[in-house]
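Analysis of the macromolecular model
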Amino acid sequence: MNKAFLKRTISPRVVNGHPWIFNNEVEKIDGVINGGEIVEVFTHDKKFVGKGYINPKSQILVRLLTRNKTDEINDRFFLQRLTACWKYRQRLGYRENCRLVFGEADALPQLIIDKFNDYFVIQTLALGIDVWKPSIVKALESIFHPKGIYERNDVSVRELEGLTRQKGFLSDPFSTQIIITENGLSFYVDIENGQKTGYFLDQQDNRRAIQYIVKDADVLGVFMYTGSFEIHAAHYGAKSVLGLDISASAVEQAIQNAALNRLGDICRFETANAFDVLKQWGKDGRQYDVVMLDPPAFTKSRDTIQKAINGYKEINLRGMKLIKPGGFLVTSSCTALVSPGMFLEMIDTAAKDAKRKIRQVTFQTQSGDHPVIRGMENTHYLKFLIVEVQ
Ligand code: SAH
């Protein structure tokens, strides 16, 4: 096996447990490197650090899979890892749907697996994990006997690794429009053409957090995707629910989801650009008891964080203006680079500019099947806040 030796002084990240090793942290490599292969990593004075996969095409040269010298990376390794991931989720109470593998936070860098009852959606976002797809599929088959496994590798980050964008079946073909249940409600999940893996499991626990505040309320949900928060609101006793999304196919699916739960008479869904509509409706003096905002990530680059924060401020300020005194704002941000502190600061500024006083009801993060590891910033990405707006 090839060996990589780290420079004498590198950032303490690696010692502190982070699995990434950058190009400029490696002093030398013994042997010929082939992208995707497993290498052993040592400190400059030849102390074993771990084993991981290498890709000279990527700025992140090595991603460690284990720090245990006796671990062999093979079918059994992936079976053991996936078994441990499933045990952990079960201990947290997840049964039907969960993010089974959350990449670095599960010591399986760049591997994402979502479990939607008997169906599994996989993303292998780096070359070194992509080559192990057959072992991963085998492990899923042996643990779950799934009805279907699908690959959603149609994402641009793969190009940084020299990989192509692709999607398709990793099992016998099956009908990719499935139904899942969450908090007693049913939702269509379009595994093949839905956003990301088809459904946002990271908000599954937060959706319950609106349970009491939406009772008898007129609710506006913006950036609703297929209406999961909005249908929860209707189920929890909202008087009326209006959901908006820029995507016509999302709106169509939200309508189907409301019908599936017999909540079609309470919910209305429309295609709209949130930035235009929130501004106009503020001018029109529209008022709601609860406004919910769940926009997509606004940036993936440090250079544009301020622009992202301006975008968040814009929609939150506009959203607050549409809320009756004593109503609630339910607001999220999934931009990893916007820290919880930055998010709260942005909300404070928005409230000040909207001339409204706010009181925090709850401030949460993603659900526990997406574990947060301190020191791995990317694992702590979701901010979910409810405030009363006076
Ligand atoms: N709340 C959803 C997830 C929302 S994902 C859930 O819990 O499942 C973000 C959504 O914002 C996407 O569906 C996307 O189509 C939509 N979106 C992006 N830009 C938008 C815009 N300018 N106006 C309205 N919707 C937008």
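In this text the structure is predicted, and so the values were computed from the model without any measurement.

The rules we used
- Every chain is numbered on its own, with residues counted from 1 as its sequence reads.
- In keeping with the model being predicted, local features are shown solely for residues with a pLDDT of at least 70 and side-chain atom pairs are shown and tallied solely at 80 or more, while totals for entire chains, interfaces and linings include all residues.
- The basis for every side-chain value is the complete set of non-hydrogen atoms in the structure, without hydrogens or water.
- Runs of E in the DSSP output that reach at least two residues are strands. Runs of H or I that reach at least four are helices, and both are numbered from the N terminus.
- To sort residues, take the accessible area from a 1.4 Å probe on protein chains only and compare it with the maximum for the residue type: under 20% means buried, over 50% means exposed, and anything in between is partly exposed.
- Contact between two residues is taken to exist if any of their heavy atoms lie within 4.5 Å; hydrogens are not considered.
- Here the nonpolar core consists of buried residues drawn from Ala, Val, Leu, Ile, Met, Phe, Trp, Tyr and Cys, with membership extended through side-chain atoms lying within 4.5 Å.
- Segmentation into domains, and thus their bounds, comes from an automatic or database assignment.
- Nearness is defined per residue: one heavy atom within 4 Å of the molecule or strand is enough.
- Whenever two N or O atoms come within 3.5 Å, that pair is a polar contact, provided that in protein one can donate a hydrogen and the other can accept it, and provided that, for residues adjacent in sequence, both atoms are side-chain atoms.
- Here the Shrake-Rupley method, with its probe set to 1.4 Å, supplies the accessible areas, and only the displayed protein chains count as covering residues.
- Gly falls in the polar group here, along with every residue not listed as nonpolar (Ala, Val, Leu, Ile, Met, Phe, Trp, Tyr, Cys, Pro) or charged (Asp, Glu, Lys, Arg).
- By definition here, a salt bridge exists when the distance from a side-chain nitrogen of Lys or Arg to a carboxyl oxygen of Asp or Glu is within 4 Å.
- At least two DSSP bridges between two strands are needed for those strands to be called paired.
- Axes, fitted as lines to C-alpha atoms, cover a helix only where it is in contact. Angles between the N-to-C directions of the axes lie from 0 to 180 degrees.
- Residue count minus one, scaled by 1.5 Å, sets the expected span of a helix.
- When we speak of the arc, we mean the arc of directions from the helix axis to the C-beta atoms.
- By definition, disulfides here are pairs of cysteine sulfur atoms that lie within 2.5 Å.

**Comments concerning the overall build of the protein**
- From N to C terminus, the protein includes eight helices and 20 strands.
- Projected onto its principal axes, the C-alpha positions of the protein cover 70 × 45 × 35 Å.
- For the protein, buried positions account for 54% of its 390 residues.
- Contacts in the protein between residues far apart in sequence, at least 24 positions, make up 62% of those at least 6 positions apart.

**Digging into the nonpolar core**
- Formed by 38 residues in total, the largest nonpolar core has its most connected members in Ile-210, Val-214 and Val-219.
- Per element, the largest residue contribution to this core is four residues, and it comes from helix H4 (residues 228-235).
- When residues of this core are assigned to domains, at least three map to each of domain 2 (75-176) and domain 3 (200-389).
- When neighbours within four sequence positions are excluded, Val-214 is seen to be in contact with Val-219, Ala-233, Tyr-236, Gly-237, Ala-238 and Val-290.
- Judged by nonpolar contacts, the second largest core, of 32 residues, contains Tyr-288, Leu-329, Met-346 and Ala-354.

**Topic: the site of the ligand**
- Lining the immediate surroundings of the ligand are 17 residues, of which Arg-207, Ser-228, Asp-245, Ala-274 and Asp-294 lie closest.
- Measuring from a nitrogen atom of the ligand, one finds a backbone N or O atom of Phe-223 at 3.3 Å.
- A distance of 2.8 Å is found between a nitrogen atom of the ligand and a backbone nitrogen or oxygen belonging to Ala-274.
- Bound to the protein, the ligand loses 90% of the 580 Å² it would expose on its own.
- Elements supplying a minimum of two residues to the shell around the ligand: H4 and helix H6 (274-284).
- Across the shell around the ligand, the residue classes break down as 10 nonpolar, four polar and three charged.

**Quick notes on the domain arrangement of the protein**
- Domain annotation for the protein reports domain 1 (3-66), domain 2 (75-176) and domain 3 (200-389).
- Using C-alpha coordinates to define each centre, domain 1 is positioned 41 Å away from domain 3.

**Here's the deal with the pattern of salt bridges**
- Here the structure, examined in full by the defined rule, presents 26 salt bridges.
- Residue Glu-104 pairs with Arg-63 through a salt bridge whose shortest N-O separation is 4.0 Å. Here Glu-104 is found in the loop between strand E7 (97-102) and strand E8 (111-116), whereas its partner Arg-63 is found in strand E6 (residues 60-66), with 41 residues between them in sequence. Side by side, Glu-104 and Arg-63 carry an identical accessibility label, which is buried.

**Comments concerning the sheet that holds strand E17 (residues 288-293)**
- What the seven strands build is an open sheet, ordered E16-E15-E14-E17-E18-E20-E19; its pairing is mixed. If you trace the sheet from one side to the other, it starts and ends with strand E16 (267-271) and strand E19 (358-364), each paired once. Averaged over all neighbouring strand pairs, the angle between strand axes comes to 15 degrees, with direction disregarded.
- The sheet strands contacting H6 are strand E14 (218-222), strand E15 (240-245) and E17, and the helix crosses E14 at an angle near 145 degrees.
- Sitting on the sheet, helix H7 (residues 305-321) touches E17, strand E18 (323-333), E19 and strand E20 (383-389), and the angle it makes with E18 is about 155 degrees.

**Considering helix H1 (residues 75-91)**
- Here H1 contains 17 residues, and its C-alpha end-to-end distance of 24 Å stays within 8% of the 24 Å for a straight helix at 1.5 Å per residue.
- All of the buried residues in H1 are Phe-77, Phe-78, Arg-81, Leu-82, Cys-85, Trp-86 and Arg-89. The buried residues of H1 occupy an angular sector of 160 degrees when projected down its axis, which confines them to one face. Of the residues in H1, the exposed ones pointing more than 90 degrees away from the buried face are Arg-76, Lys-87 and Arg-91.
- Just downstream of H1, Gly-93 is the residue with a positive phi angle, here 100 degrees.

**Focus: the sheet that holds strand E2 (residues 20-22)**
- Across the sheet, six strands lie side by side as E2-E6-E5-E4-E1-E3; this open sheet has mixed pairing. Only two strands of the sheet have a single partner each, and these edge strands are E2 and strand E3 (26-30). On average, adjacent strands in this sheet sit at an angle of 35 degrees to one another, irrespective of strand direction.
- Here four bridges tie strand E1 (residues 2-6) to E3, and the two strands are oriented antiparallel to one another. The partner of Lys-3 across the bridge, within E3, is Asp-30.

**With respect to the state of the cysteines**
- All chains considered together, the criterion is met by zero disulfides.
- The thiol of Cys-98 is not disulfide-bonded; the next cysteine sulfur, from Cys-85, is found 9.4 Å away.
- We classify Cys-98 as buried; its relative accessible area is 0%.
- We note that Cys-334 lacks a disulfide partner, and the nearest cysteine sulfur, in Cys-98, lies 20 Å from it.
- Classification of Cys-334 as partly exposed rests on a relative accessible area of 22%.

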